[in-house]
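Listed below, chain by chain, are the residues.
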Amino acid sequence: MDALNDRLSDEDWMARAKELAVSRKGTDPANTPIAAIIVRDGQLLSHGVNRTAEHCDATAHAEVMAIRAAGKSSGEMRFPGATLYSTLQPCGMCTMASIWAGISRIVYGAGRDDVHEMYFEDRHLSTLDFVADAYKDDLTLTGGVLAHDCAKLYYRPWDDVPEDKQAND
Ligand SMILES: [Zn+2]
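This one's a predicted model, so the numbers in the text were calculated from it and none came from an experiment.

Rules and cut-offs
- Residues numbered from 1 in each chain as written.
- Predicted model: local features only at pLDDT ≥ 70, side-chain atom pairs only at ≥ 80, totals over all residues.
- Buried ≥ 20, exposed ≤ 12 C-beta atoms within 10 Å, placed from the backbone.
- Helix = DSSP H or I, 4+ residues; strand = E, 2+ residues; numbered from the N terminus.
- Arc of directions from axis to C-beta.
- Pairing = 2+ DSSP bridges.
- Axes fitted to C-alpha atoms, helices over the stretch in contact; angles between N-to-C directions.
- Contact = placed C-beta atoms within 7 Å.
- Right-handed = clockwise from strand over helix to strand, strands pointing away.
- Core = buried A, V, L, I, M, F, W, Y, C linked by C-beta atoms within 7 Å.

> Which parts of the structure should I look at to understand helix H4 (residues 92–100)?
Think of an α-helix as turning once every 3.6 residues; residues three or four places apart then point the same way. Listing the buried residues of H4 in full gives Cys 94, Thr 95, Ala 97 and Ser 98. One side of H4 carries all its buried residues, which in axial view fall inside an arc of 160 degrees. Residue Gly 102 follows H4 closely and has a positive phi angle near 70 degrees.

Here it is as structure tokens:
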């Protein structure tokens, strides 16, 4: 069999990210079951889940946790050629962190139109515009992979979320 055929698809990796989110954080949106995994050369490099509440750290988004774990396990700081999979469209901070980490590709599940506006700090600028307008074209984004499955984990656009829960944590 061709070696490339052994590689998992974007859908396969996203399914693994979603499983990780559920196994670590359950399915209640209040517990922010967001997961990210980093894959390089067809191999899992690292993973992370949102730990902002547990660590009292507003920067402990799943993507940042995955980037930190990749550094720890590999002894490297940058990951050219790697793909970061996230169950939810990365915020500006995580997109920027991915750029600094040299990640080549971001693939996400649910997009900002699939979930409540509380998940995004900005009003109009999407991650896609952010990358397209502001940065070199060495980072590509693919959205909507298993979007419907991933979106079920989060508050939806029509959900009436109490004010005190309206933080991306
Ligand atoms: Zn983020």
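> Mind showing me how you'd approach the sheet that holds strand E3 (residues 83–88) here?
Pairing between the strands of a sheet comes from backbone hydrogen bonds, and it takes one of two forms, parallel or antiparallel. One open sheet accounts for 5 strands, arranged E2-E1-E3-E4-E5; its pairing is mixed. Of all strands in the sheet, those bounded by a partner on one side alone are strand E2 (43–49) and strand E5 (140–142). Direction aside, neighbouring strands of the sheet carry axes that sit 20 degrees apart on average. Its contacts with the sheet place helix H3 (residues 62–74) against strand E1 (35–40), E2 and E3, and it is angled at close to 135 degrees to E2.

> What should I look at first to understand the environment of Gly 26 in this one?
Assignment of secondary structure puts Gly 26 in the loop between helix H1 (10–25) and E1. A residue is classified by how many C-beta atoms lie within 10 Å of it, and Gly 26, with 12 of them, is exposed. Distance from Gly 26 to Leu 153, taken between C-alpha atoms, is 8.6 Å for residues 127 residues apart in sequence.

> Is there a simple way to think about the pairing of strand E4 (residues 105–110) in this case?
Where burial is concerned, most of E4 is hidden: 5 out of the 6 residues are buried. Pairing geometry for E3 and E4, over 5 bridges, is parallel. By the bridge assignment, Leu 84 is partnered in E4 with Ile 106. With H4 bridging E3 and its parallel neighbour E4, the resulting β-α-β unit is right-handed. Strand direction decides the pairing type here: E4 and E5, joined by 3 bridges, are parallel. By the bridge assignment, Arg 105 is partnered in E5 with Thr 140.

> Any chance you could explain the nonpolar core here in plain terms?
In a soluble, globular protein the nonpolar side chains are often hidden away together inside. Among the nonpolar cores identified, the biggest contains 42 residues, and Ala 17, Ala 35, Ile 37, Ile 38, Ala 66 and Tyr 85 are the most heavily contacted of them. Secondary structure elements with two or more residues in this core: H1, E1, E2, H3, E3, H4, E4 and helix H6 (147–151). Counting residues per element, this core draws most heavily on H3, which supplies 6 residues. Setting aside residues up to four positions removed in sequence, Ile 37 forms contacts with Trp 13, Arg 16, Ala 17, Leu 20, Leu 44, His 47, Ala 66 and Tyr 85.

> Explain the environment of Ala 70 to me, please; I cannot follow it from the model alone.
Position of Ala 70 among the secondary structure elements: in helix H3. As for Ala 70 and Gly 48, which are separated by 22 residues in sequence, their C-alpha atoms are 9.4 Å apart. The residues touching Ala 70, leaving out its near neighbours within four places in the chain, are Ile 38, Leu 45, Ser 46 and Phe 79.

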